[in-house]
Amino acid sequence: MAIVTEEEIKDFVTGIGSTPLSDQQALLRRAVESFVKAEVGRDFESAARAQFFTIQRAQSVILLGDAPVSALTSVERVTSRSTAGVPTLETIDADGYVSDLDKGRLRNLNGGWPEGIDEVKVTYTAGYTAGNLTANANEEINLLKHLVLSLYAREWGLTKENTAHVRTLSFGDESVTYKLEMDRMTRSIVRSLKERRLAGVI
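As the structure is a computational prediction, the values presented were derived from the model and not from experiment.

**Remarks on the overall build of the protein**
- What the protein contains, in helices and strands, is six helices and nine strands.
- Within the protein, the proportion of its 202 residues that are buried is 41%.
- If you take every contact in the protein between residues at least 6 apart in sequence, the share linking residues at least 24 apart comes to 70%.
- Accessible surface, the protein as shown: approximately 11,000 Å² in total, 47% of it carbon and sulfur.

In structure tokens, the structure reads:
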């Protein structure tokens, strides 16, 4: 999936009807996606992941590397390793932990996870799909996408007539115009999203 949809490109770029995106328009889409992912510090794309976790003594919570989690495939402990370092794994009974999939957290109910270096392996699918990024991420991500789209489209001479001049957004207690405030808003949104990412909110 893509975090910038064809519909969003069509909303900001002139000369697009129901036809497929041109090479330049597709490049614009990829450029905006790359900017958003790099600045916010996460990929957003839904994908299968497998992680090993080092567990401290009496540690009861594992925080997965990405969220929201759409599927928890397996939770396993390492019982031994070969001389080459290849682990032998044993499934941990699902009755022994509870999960908060939206936040990507697993809590052990039996006094803590098995202690050790790379002792627990979790296999899961996490990230956003095309259908739930807009609905579940947050308004700031969509504002950022649209701001950067407008900036890039204008720089490349692709902007629809008057779009960047008259389109307004409500941000906090302010009503702002793209043409005057895009740069300031972009920096502000990126900063907020980075803080939310570090806090595990997005």
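This is not the end of the story, as more comes after the structure.
**Brief notes about the sheet that holds strand β5 (residues 97-100)**
- Reading across from one edge, β2-β6-β5 is the order of the three strands in this open sheet, with antiparallel pairing throughout. The open sheet is flanked by β2 (61-63) and β5, the only strands paired with a single partner. Neighbour to neighbour, the strand axes of the sheet diverge by 15 degrees on average, direction disregarded.
- Judged from the three bridges that link them, β2 and strand β6 (residues 105-108) form a sheet pairing that is antiparallel. Within the sheet, the bridge partner assigned to I62 lies in β6 and is L106.

**Regarding the confidence of the model for the protein**
- Confidence along the protein averages 76 in pLDDT terms, with 66% of residues attaining 70 or more.
- Note that pLDDT drops below 50 for residues 161-176; the model gives that stretch 30 contacts with residues more than four away or on any other chain.

**A look at the side chain of E76**
- Within the secondary structure, E76 sits in strand β3 (residues 69-81).
- Although E76 is buried, it forms no salt bridge, and the closest oppositely charged side chain is K121 at an N-O distance of 4.6 Å.
- Residue contacts for E76: discarding those within four places in its chain leaves L89, E90, T91, I92, E119, V120 and K121.

**Here we look at the pattern of salt bridges**
- Using the criterion set out here, one finds three salt bridges in the structure.
- Where K37 meets E45, a salt bridge forms, and the shortest distance between an N and an O atom there is 2.8 Å. Summarising the burial analysis for this pair, K37 and E45 share the class buried.
- Between R49 and D66 there is a salt bridge, and its shortest N-O distance comes to 2.9 Å. Placement of the pair is R49 in strand β1 (residues 47-55) and D66 in the loop between β2 and β3, with a sequence separation of 17 residues.

**Looking at helix α2 (residues 23-40)**
- Look at α2: 26 Å from first C-alpha to last across 18 residues, which is about the 26 Å you get at 1.5 Å a residue.
- For α2, the set of buried residues is Q25, L28, R29, V32, E33, V36, K37 and V40. Each buried residue of α2 sits inside an arc of 160 degrees when the element is viewed along its axis, so together they form one side. Among the exposed residues of α2, those pointing more than 90 degrees away from its buried face are D23 and A38.
- After α2 finishes, the residue G41 shows a positive phi value of roughly 90 degrees.

**Focus on the pairing of β5**
- Inspection of the sheet shows β5 paired to β6 by four bridges, in the antiparallel sense. Directly across from Y97, in β6, lies its bridge partner N108.
- Counted between consecutive antiparallel strands, the loop separating β5 from β6 contains four residues, among which G104 sits at a positive phi close to 70 degrees.

**Topic: the nonpolar core**
- In this structure, L28, V32, V36, F44 and L149 are the most contacted members of the largest nonpolar core, which totals 17 residues.
- Contributions of two or more residues to this core are made by α1 (6-12), α2 and α4 (139-155).
- A per-element tally of this core places α4 first, with six residues.
- Membership of the second largest hydrophobic core comes to 14 residues, among which are I55, L64, V69 and L106.

Conventions we followed
Residues numbered from 1 in each chain as written. Predicted model: local features only at pLDDT ≥ 70, side-chain atom pairs only at ≥ 80, totals over all residues. Heavy atoms only, no water. Helix = DSSP H or I, 4+ residues; strand = E, 2+ residues; numbered from the N terminus. Buried < 20%, exposed > 50% of the residue type's maximum accessible area, 1.4 Å probe, protein only. Contact = heavy atoms within 4.5 Å. Areas by Shrake-Rupley, 256 points an atom, 1.4 Å probe, with all protein chains shown as cover. Pairing = 2+ DSSP bridges. Axes fitted to C-alpha atoms, helices over the stretch in contact; angles between N-to-C directions. pLDDT = per-residue confidence, 0-100. Lys, Arg positive; Asp, Glu negative; His and termini not counted. Salt bridge = Lys/Arg side-chain N within 4 Å of Asp/Glu carboxyl O. Expected span 1.5 Å × (residues − 1). Arc of directions from axis to C-beta. Core = buried A, V, L, I, M, F, W, Y, C linked by side-chain atoms within 4.5 Å.

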